[in-house]
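# Fold and geometry: a report
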Amino acid sequence: MKYINANKVLPDKLIMEIQKYVQGETLYIPKQETKYQKWGTSSGARKMLDRRNEAIRNSFYRGSSIGQLAEEYFLSTETIKKIVYSHKK
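The structure contained in this document is the topic of the report that follows. (Residues numbered from 1 in each chain as written. Predicted model: local features only at pLDDT ≥ 70, side-chain atom pairs only at ≥ 80, totals over all residues. Heavy atoms only, no water.)

### Points about the pattern of salt bridges
Counted by the stated rule, this structure contains 4 salt bridges. Of the charged contacts in the structure, one is a salt bridge between Arg46 and Asp50, with a shortest N-O distance of 3.3 Å. On the criterion of helical spacing, the pair formed by Arg46 and Asp50 is a turn pair, its members being 4 residues apart in helix H3 (residues 45-61). When its relative accessible area of 33% is taken as the criterion, Arg46 is described as partly exposed. Looking at Asp50, the relative accessible area reads 28%, which means it is partly exposed. Salt-bridge contacts for Lys81 lead to Glu78; the nearest nitrogen and oxygen are separated by 3.4 Å. Placement of the pair is Lys81 and Glu78 together in helix H5 (residues 77-85), with a separation of 3 residues, close to one helical turn. A residue is classified by how much of its surface remains accessible, and Lys81, at 33% relative accessible area, is partly exposed. (Salt bridge = Lys/Arg side-chain N within 4 Å of Asp/Glu carboxyl O. Helix = DSSP H or I, 4+ residues; strand = E, 2+ residues; numbered from the N terminus. Buried < 20%, exposed > 50% of the residue type's maximum accessible area, 1.4 Å probe, protein only.)

Here you go:
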């Protein structure tokens, strides 16, 4: 997490107001919910995992065993079970 000195980005009047509540401490200001992106959205990782999980489900429904899928995808059998038994289709 990168820190920015408030003096560089906020007006003096706002800094004085904030100092009524906290001084000399690190303060985290979260993004607005409308600006928040879910994990993997911007990097494409979410889509990649969704495609992988769909391929795992398809293989399972075509007859591949949990153990075979775990070896093929280098995942634990418990992770494969979570993927194939989830209701997402």
